[in-house]
Every structure is written in C-alpha cells, then in structure tokens.
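Structural description and commentary
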Amino acid sequence: MKMIKHMVMLAALAMAAPLAAEETAADSSAAPAAPASVQEIASGVCAGCHNADGNSVIPMNPILAGQQAEYITKQLMDFKASETEPAKRNSPVMSSMVAALSQEDMKKLGEYYAQQKTVPSQIAADEKLLDTGKILYHGGNIENGIPACASCHGPSGAGIVPRYPGVAGQHAEYTLTQLNQFNTGDRGNDNKVMQKVVHRMSATEKRAVSAYISTMR
Ligand code: HEC
Ligand code: HEC
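Residues numbered from 1 in each chain as written. Chains lettered and ligands numbered in written order. Predicted model: local features only at pLDDT ≥ 70, side-chain atom pairs only at ≥ 80, totals over all residues. Heavy atoms only, no water.

So, about the nonpolar core. Ranked by internal contacts, the top residues of the largest apolar core, which has 20 residues, are Tyr137, Leu179, Val198, Met201, Val209 and Ile213. Listed by contribution, the elements that provide at least two residues to this core are α7 (130-139), α9 (172-184), α10 (193-199) and α11 (203-215). Counting residues per element, this core draws most heavily on α11, at 5 residues. Once residues within four sequence positions are removed from consideration, Met201 is found in contact with Leu136, Ile146, Leu179, Lys206 and Val209. Of all hydrophobic cores here, the second largest spans 16 residues; its members include Ala42, Cys46, Ile72 and Leu109. (Core = buried A, V, L, I, M, F, W, Y, C linked by side-chain atoms within 4.5 Å. Buried < 20%, exposed > 50% of the residue type's maximum accessible area, 1.4 Å probe, protein only. Helix = DSSP H or I, 4+ residues; strand = E, 2+ residues; numbered from the N terminus. Contact = heavy atoms within 4.5 Å.)

If you want it as structure tokens, here you go:
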C-alpha cells in the first residue's frame, strides 16, 4: 500500500515537472502570461509590425500596448467585417491579418495587448507644431466648432473606457493617417463621431494635434 502511494506521488511529480518548466519559461519572457495560442499569434505574425508586446517602433504601425481591450477587439472585428462592408475599416494590410482569427482570438488579443506596458513613441515630434496641437487637444477650436479631443480621449490621453480609445504616445504618422482616413471615409467605424470632428480640421491642425499626441505621456 505504502509502495503504491509512493509510486503515485512519483508519477505526479514527473507530470508536474514539465508543467513547472513551461511556467518558468513563460514567466521569464518580457510579456506577462496570456493564453498560449494568443501569445503565439502576437509574438508570431503580428510581431513583425507591432512587436511582440505591441510596442511598435515603426511610425506607420500603431502602438497597441496598453490600449483598451474592448477597443482593440472592436478594431480587429471591423477589419474583418470590411471584407463585406468596406466602409467599416478598410486596411488591405490588416484585413489579411485578421482573416484567420476567430472571435475568441480577437477577444483574447485585446486582453493581451491591454495588459502590456506602453512604451510611448520615441520619434522626435515637430516642435513648431506642439503649441497649436496642445491648444486644440485640450480646448478644441470654438470658431470652427471642433470639440476638445480631451473630452473623449481624456486629459492625459489615456482614453475613457470602454468606447474612447487611448491616444497618448501614439506615433504621429499613424495618428495622422487615421484622421485622414476618417475624413475620406476609409475608416467609418466611429458612428460618425470622429468623421464630424475631422471634417472641421485644417491640414495643419491635423498634423499639429498628431504631433502633440505623440509627446503625451
Ligand atoms: C505587415 C504589417 C502588419 C502586421 C503583420 C500586422 N499589422 Fe496590425 N496594423 C498594421 C497597420 C499598417 C495598421 C494601421 C492600419 C490603418 O491604417 O488603418 C495596423 C492596425 C492594427 C490595429 C488597430 C490599432 C488601433 O489603434 O486602432 C490593431 C488592433 C492591429 N493592427 C492588430 C494586429 C494583430 C493582432 C496582428 C496579428 C494578427 C497584426 N496587427 C499584424 C500593420 C500590421
Ligand atoms: C465626441 C467624442 C470624441 C471627440 C470629441 C474626439 N474623438 Fe477621437 N475617437 C472617438 C471615438 C468613439 C473613437 C473610436 C472609433 C472606433 O470605435 O473605431 C475615436 C478614435 C480616434 C482615433 C483613432 C485611434 C486609433 O488608435 O486608431 C484618433 C487618432 C482620434 N480619435 C483622435 C482625436 C482627436 C485628435 C480629437 C480632437 C481633435 C478627437 N479624436 C476628438 C471619439 C471622439
């Protein structure tokens, strides 16, 4: 009896050992634990453009680390939906990336990126534009009816859960692309909120606010 108990314990130990080794491996990587498959996707195909932890250093690819989970999941679903509804969020690059993702993958990817620590854009902003951008972000432009960005994206740019995404520290080039896409309608997944805002903005205002946002911490 004693012998059998001993053997069972040994077997249990043998089984536990590889599990423990896996856990240690996951713990020692830079990113906090996430369901294995999602971590594989993020550090596989997505990493080429967004980095494994979502901190893209390429100015046209958005930083995803620290973004709201629900917002990220919505964007992935909108890229996917654009196959049949092009006006949702039209991106030839991203629509091929999401084609193979399930609803569950998109949900978990949102949670994964939301857990990562943001490394804000390190790309030098155009200093001349920062004052104009700052005024517009926090106060809007009353003459042209542009609301303060801060009213929906927060005074610190962290966003307001769950509908208004964080923008602080995002690459200026990416932000400017989005403002232009809202303007042309290539991105129409915003309930016309952002479309109305950008229609009233001048080209300089768009560049200025994008530059300022990239410096927000
Ligand atoms: C070849 C480069 C590339 C790869 C690989 C890639 N992306 Fe992207 N991603 C982009 C670009 C470029 C954009 C901006 C598209 C646009 O202008 O609307 C983007 C946008 C996004 C956005 C929207 C972010 C926001 O702030 O609205 C999310 C979320 C995203 N990608 C997630 C992913 C995930 C998840 C993967 C892997 C399955 C992935 N990407 C793979 C280039 C890439
Ligand atoms: C009335 C609320 C509101 C105001 C005011 C507003 N936004 Fe937005 N913004 C939104 C919402 C909602 C979305 C997300 C749309 C979606 O779900 O895709 C968004 C998305 C964005 C995005 C895309 C973020 C990304 O990661 O792709 C940018 C950039 C942005 N807004 C910039 C601005 C700027 C700059 C201003 C001020 C000039 C501004 N917004 C004012 C509500 C607002």
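UniProt feature "binding site: heme c 1" (unreviewed entry): in the numbering of this structure it lies at Cys46, Cys49, His50 and Met94. A maximum C-alpha distance of 11.6 Å places the annotated residues, which cover 49 residues in sequence, within one compact spot. The topology assignment puts Cys49 in helix α3 (residues 47-50). Every residue in contact with Cys49, bar those within four places of it in the chain, is listed here: Ser56, Ile58 and Asn61. Of note, His50 is situated in helix α3. (UniProt positions renumbered as here; feature names shortened; annotations may be inferred.)

Before going further, it helps to examine the environment of Ser91. Relative to the helices and strands, Ser91 is located in the loop between α4 (69-81) and α5 (92-98). Since its relative accessible area comes to 17%, Ser91 is described here as buried. Sequence spacing of Ser91 and Phe79 is 12 residues, and the spatial spacing of their C-alpha atoms is 6.9 Å.

The topology assignment puts Tyr174 in helix α9. With 116 residues separating them in the primary sequence, Tyr174 and Ile58 have C-alpha atoms 9.2 Å apart.

What follows concerns the site of ligand 2. The environment of ligand 2 is made up of 26 residues, and the closest members are Cys149, Cys152, His153, Tyr174 and Met194. Tyr174 is positioned with one of its side-chain polar atoms (N or O) 2.5 Å from an oxygen atom of ligand 2. One of the side-chain N or O atoms of Asn189 is found 3.2 Å from an oxygen atom in ligand 2. Mapped by element, the contributors of at least two residues to the shell around ligand 2 are α4, α8 (150-153), α9, α10 and α11. It is α9 that contributes the most residues to the shell around ligand 2, 5 residues altogether. Of the residues belonging to the shell around ligand 2, the class tally is 16 nonpolar, 6 polar and 4 charged. (Near = heavy atom within 4 Å. Polar contact = N/O pair within 3.5 Å; in protein donor to acceptor, adjacent residues only side chain to side chain. Nonpolar A, V, L, I, M, F, W, Y, C, P; charged D, E, K, R; others polar.)

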